[in-house]
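Breakdown of the fold
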Amino acid sequence: MSSLIDALLMPSCCACGQVALLVVMPTVGARVCEACALELSPTVIQVPLRECQQRYAFFEYAGSVVPLLSRAKDEAFGSHYYAVQSLFTAAAIPLIGKEKAAEVIVTQVPSSLRRSIIGWYLPTAMARHLAKKLNVKYAPLLRRAKQVGRQSGLGAIERRTNVQGCFAPRRFLLRNVTKDSLVVVVDDVSTTGASLGEAVRCLRQIGCTNVMAISLAISPLRARGC
Ligand SMILES: [Zn+2]
């Protein structure tokens, strides 16, 4: 009982979880401590990939973003997810709007087998919500064709080799895509961009010429192995 009273009287920061004086972030609707509020203002970071010039992220994967994203990854439709969703959508809409594409289709990097068994995969939820807000089509254009070993601990080149051929197109969904379509691939965290690059490569193979890759966060430079 005391913990319930504590929770009501002393709410904790949505990002770092600390009990502190909280402020409501207007774009997010979540209550965060002042330190996290400062860290959680998105900026557009463009980090081109070999496969995709238009590869963007809004945060470095550091500070308050780390606990916020790791909780959103594990708790389906919890307050952390809604904070992530709002931050992502608010930053992505103007970026996509600049392209002035005749048609936009939103998709995501396919989930691992483990995530599909759990039934909650953050990039899918982010992509669906973004499509809804943009009033455009959402389509899971790619599927996982094979399982790969863990990416963590591998360097940039090893990661690329590891993910080769791990995605395949869902061909029956391709009737949604025309040559003028802008396909937006969503991911939550990108490290070296190996998975995003592979997803873009796969989309290009099936005729998507205009592809944009957006992740909410990207690993800081030293961790990208560049
Ligand atoms: Zn905080």
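Here is what the cut-offs are and how they apply
- Residues numbered from 1 in each chain as written.
- Predicted model: local features only at pLDDT ≥ 70, side-chain atom pairs only at ≥ 80, totals over all residues.
- Axes fitted to C-alpha atoms, helices over the stretch in contact; angles between N-to-C directions.
- Helix = DSSP H or I, 4+ residues; strand = E, 2+ residues; numbered from the N terminus.
- Left-handed = near helix turned anticlockwise from the far one by under 90°.
- Contact = placed C-beta atoms within 7 Å.
- Nonpolar A, V, L, I, M, F, W, Y, C, P; charged D, E, K, R; others polar.
- Domains from an automatic or database assignment.
- Buried ≥ 20, exposed ≤ 12 C-beta atoms within 10 Å, placed from the backbone.
- Pairing = 2+ DSSP bridges.

Further remarks concern the packing of helix 3 (residues 65-74) against helix 4 (residues 79-97). Close contact between helix 3 and helix 4 brings their axes to 8 Å; oriented N to C, the two are set at 115 degrees. You can see that helix 3 and helix 4 cross each other, and the crossing is left-handed. Across the interface between the two elements, Leu68, Leu69, Arg71 and Ala72 of helix 3 pack against His80, Tyr81, Ala83 and Val84 of helix 4. When grouped by side-chain class, the residues that make up the contact of helix 3 with helix 4 number six nonpolar, one polar and one charged.

One can read the domain layout of the chain as domain 1 (1-38) and domain 2 (42-223). Computed over C-alpha atoms only, the centres of domain 1 and domain 2 are separated by 28 Å. Listed as interface residues are nine residues of domain 1 and, on the opposing side, 10 residues of domain 2. Taken together, the residues that form the side of domain 1 that touches domain 2 break down as six nonpolar, three polar and no charged.

Within the secondary structure, Tyr138 is located in strand 6 (residues 137-138). Along the sequence, Tyr138 and Ile105 sit 33 residues apart, while their C-alpha atoms lie 5.7 Å from each other. With sequence-adjacent residues up to four places away left out, Tyr138 is seen in contact with Val106, Ala127, Arg128 and Ala131.

Across the six residues that make up strand 4 (residues 55-60), a large majority, five, are buried. The pairing of strand 3 (residues 45-46) with strand 4 spans two bridges and is classified as antiparallel. Residue pairing for strand 4: Ile45 is matched across the bridge by Ala57. Note that strand 4 and strand 10 (residues 210-218) share five bridges and pair parallel. Across the sheet, the residue bridging to Ala57 is Ser215, located in strand 10.

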